[in-house]
Amino acid sequence: MNNKDILAAAWQQLEKATVHHKGRPIGTVAALDPGPTALNYDQIFTRDFFVSALAFLLNDKFEIVKNFLSVTADLQAIDKSMDCFKAGRGLMPASFKTIRENDKERLLADFGEHAIGRVTPVDSSLWWLLLLRLYFTFSGDREFVVQEKIPKTIKAILDLYLVDRFELIPTLLVPDGAFMIDRRMGMYGHPLDIEVLFYAALRASREMLALTPGKENKKYINEIDHRVGHLVYHIRTYYWIDKARLDKMLTNETEEFGTDATNKYNLYSASIPDWVPAWVGENNGYFAGNIGPGRMDFRFLTLGNLLAVMTSLADDDQQQKILNLIEHQWEVVAGEMPMKVCCPALEGREWHIITGADPKNSPWSYHNGGSWPFLLCLLAAVEAKTDRTFLTKGAFNAIAKKLQRDDWPEYFDGRDGSLVGKEARKLQTWTIAGYIAAHTLMENPKKAALLSFNSEVSGGAACPL
Ligand code: GLC
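Residues numbered from 1 in each chain as written. Predicted model: local features only at pLDDT ≥ 70, side-chain atom pairs only at ≥ 80, totals over all residues. Heavy atoms only, no water.

Overview of the site of the ligand
1) Next: Close to the ligand lie Ala30, Tyr41, Phe45, Arg47, Asp48, Met180, Asp182, Tyr366, His367, Glu410, Gln428 and Trp430, which account for all nearby residues.
2) Next: In the model, an oxygen atom of the ligand is placed 2.5 Å from a nitrogen or oxygen of the Asp48 side chain.
3) Next: Take Asp182: an N or O atom from its side chain is 2.7 Å from an oxygen atom of the ligand.
4) Next: Broken down by class, the residue content of the shell around the ligand amounts to six nonpolar, two polar and four charged. (Near = heavy atom within 4 Å. Polar contact = N/O pair within 3.5 Å; in protein donor to acceptor, adjacent residues only side chain to side chain. Nonpolar A, V, L, I, M, F, W, Y, C, P; charged D, E, K, R; others polar.)

Encoded structure:
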């Protein structure tokens, strides 16, 4: 198949994956694989649909995105509970589907009460906010975003995410399995992917609430400005790893008490994995996967790092260093199928303890070092925003051919990402949509500007001390 045919085939599959409710398109199922039991892959996942939505918006198809935003806003308002315990209003479903009951069609949502491992999606509401802003920037449909239910939904989410907590830091404390990596993988705490998404969602909410100024909205905007400033400072300062930071960490003071401590998290240099110095080299850098008391998770989380570049959470120097790292460590972070969702993989005893001996997450598979082609769209967006060429036309064409030939798998396995994932679904929708979005961005790099935020952070990115 040539490129034109592959693109046409991808569009055809995306149309087939589209779900209708009361005659209107409202989303896309996670996968159309006719083989194994569907589990919940026949549902519309909020995070997966973000990628479909990107493909639609970049190609001026607005209707389905608008309907999705509207039905999920309604789903958010319903009572959700497990074992009689109710969750907060601002929570959005991980996934939902249409069901027929008494000859009537209705939507059935899963907020984690059905999911394997009962994982709650901390990311869904954040993807929703970001998508709302994208829908508005692409379509200009002010009427939709200012109708009563939309600001109401935004504020319900903010009430949940900006609530006072036990911590003195601006990041969100989240359990394992709360986002794209929705199984036990040692992500509990303050995982980068969620924190960057939180930042982007706050900025998106600010823009949306500013469309309808008023006393109440102003209160939320002030709160957002305050939080975003701290969040940016916190992530840029504490999650960052480059040569200079590493040198400092090697000679860290420890056991410091008081506000003057230089090693605030009391990190021990012996905890730095052997691979880190060579990985960082002289000119590379990245945001660590997680940080907490006595703990820095050095794993590279691709989604968080790419999103940090795309949304300008990373400052200019950090952006360049992250891109350097992707370039210099291409064989590890991308290999034959961009990109690994998290690397390096946990192996041996570490895998046993941290994943709970999860065979699906065996080393270099699935979330544990597996390669997820949906990330191509973020890579293409970052490439379009900057001066890099990771996906030259030739490389991208080869990837497209492989995806089409292998039937659009959910993920790939192996250190080099060359093997179709051992339990990967075929005809996985975000693989297909990710390819379409990447293709569109490569043809029209200017469109990437609509996905980005300017680097001026309202509220300032400085520690107010
Ligand atoms: C798997 C992935 C999750 C995705 C879902 C549907 O559970 O881990 O990130 O949203 O499949 O594709």
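So that's the structure; there's more coming.
What to know about the sheet that holds strand S3 (residues 44-45)
1) Next: As summarised here, the arrangement of the three strands in space is S3-S6-S7, forming an open sheet in which the pairing is antiparallel. A strand with exactly one partner marks an edge of an open sheet, and here the two such strands are S3 and strand S7 (104-110).
2) Next: Two strands pair when backbone bridges link them, and strand S6 (residues 95-101) and S7 are joined in this way by seven bridges, in the antiparallel orientation. Looking at the pairing, Phe96 lines up with Ala109 of S7.
3) Next: Sitting on the sheet, helix H3 (residues 63-76) is in contact with S3, S6 and S7, with an inclination near 80° to S6. (Pairing = 2+ DSSP bridges. Helix = DSSP H or I, 4+ residues; strand = E, 2+ residues; numbered from the N terminus. Contact = heavy atoms within 4.5 Å. Axes fitted to C-alpha atoms, helices over the stretch in contact; angles between N-to-C directions.)

Some points on the packing of aromatic side chains
1) Next: What the rule picks out here adds up to 21 aromatic pairs.
2) Next: Both rings, one in Tyr161 and one in Phe198, keep their centres 6.4 Å apart while their planes meet at 35°; by these two values the pair is tilted. Within this pair, whereas Tyr161 is found in helix H6 (residues 149-161), its partner Phe198 is found in helix H7 (residues 192-209), the two being separated by 37 residues in sequence. Accessibility assignment for this pair places Tyr161 and Phe198 in one class, buried.
3) Next: An aromatic cluster is defined as three or more aromatic residues linked by ring pairs; in this entry it consists of Tyr366, Trp372, Phe374, Tyr411 and Trp430. (Phe/Tyr/Trp six-rings, centres within 6.5 Å; stacked < 30°, edge-to-face > 60°. Buried < 20%, exposed > 50% of the residue type's maximum accessible area, 1.4 Å probe, protein only.)

Regarding the pairing of strand S10 (residues 295-301)
1) Next: Across the seven residues that make up S10, a large majority, six, are buried.
2) Next: With four bridges joining them, strand S9 (residues 285-292) and S10 adopt antiparallel strand pairing. If you follow Gly292 over to S10, its bridge partner there is Arg295.
3) Next: Hairpin connection between S9 and S10: a loop of two residues separates the two successive antiparallel strands, and Gly294 in this loop has a positive phi of roughly 65°.

Quick word on the sheet that holds S10
1) Next: The strand order across the open sheet built from four strands is S8-S9-S10-S11, with neighbouring strands paired in antiparallel fashion. A strand with exactly one partner marks an edge of an open sheet, and here the two such strands are strand S8 (240-242) and strand S11 (342-343).
2) Next: The sheet contacts of helix H9 (residues 243-250) involve S8 and S10, and relative to S8 the element is tilted by about 95°.
3) Next: Docked against the sheet, helix H12 (residues 316-328) engages S8, S9 and S10, running at close to 100° with respect to S9.

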